[in-house]
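# Residue-level structural notes
The residues making up each chain are set out below.
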Amino acid sequence: MEQYEWEKLTPEQKKIQLYLEQKKTLETFLARGAISKAQFDKSLGDLTVKMGMSGAGK
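First, a word on scope: everything that follows refers to the structure included in this document. (Residues numbered from 1 in each chain as written. Predicted model: local features only at pLDDT ≥ 70, side-chain atom pairs only at ≥ 80, totals over all residues. Heavy atoms only, no water.)

### Section: the packing of helix 2 (residues 11–31) against helix 3 (residues 37–50)
The interhelical angle for the contact between helix 2 and helix 3, taken along N-to-C directions, is 175°, at an axis separation of 10 Å. As the angle between them shows, helix 2 and helix 3 are arranged roughly antiparallel. Contacts from Y19, Q22, K23, L26, E27 and L30 of helix 2 reach helix 3 at K37, F40, S43, L44, L47 and T48. Taken together, the residues of the contact of helix 2 with helix 3 sort by class into 6 nonpolar, 3 polar and 3 charged. (Axes fitted to C-alpha atoms, helices over the stretch in contact; angles between N-to-C directions. Helix = DSSP H or I, 4+ residues; strand = E, 2+ residues; numbered from the N terminus. Parallel < 35°, antiparallel > 145°, perpendicular 65-115°, else oblique. Contact = heavy atoms within 4.5 Å. Nonpolar A, V, L, I, M, F, W, Y, C, P; charged D, E, K, R; others polar.)

Okay, structure coming up:
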């Protein structure tokens, strides 16, 4: 996302984008074998709860 696009987002939209980027990072780690499926599930669950994103990015 370009800087000018980011600046136009609301705080809630920024939070969603951050969550989705973090989720994508976890998916990349899992795909490359850097973390196990159990670690992925735990990390994604913790991220989802801490960011209040139940139902987002699924």
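### Things to note about helix 3
Between the first and last C-alpha of helix 3 there are 20 Å, a value that for 14 residues agrees with the 20 Å anticipated at 1.5 Å per step. Listing the buried residues of helix 3 in full gives F40, L44, L47 and T48. The buried residues of helix 3 all sit within an arc of 95° when viewed along its axis, so they share a single face. Across helix 3 from its buried face, at more than 90 degrees, point the exposed residues A38, K42, V49 and K50. Tucked inside the fold, the buried residues of helix 3 contact helix 2. Residue G52 follows helix 3 closely and has a positive phi angle near 65°. (Expected span 1.5 Å × (residues − 1). Buried < 20%, exposed > 50% of the residue type's maximum accessible area, 1.4 Å probe, protein only. Arc of directions from axis to C-beta.)

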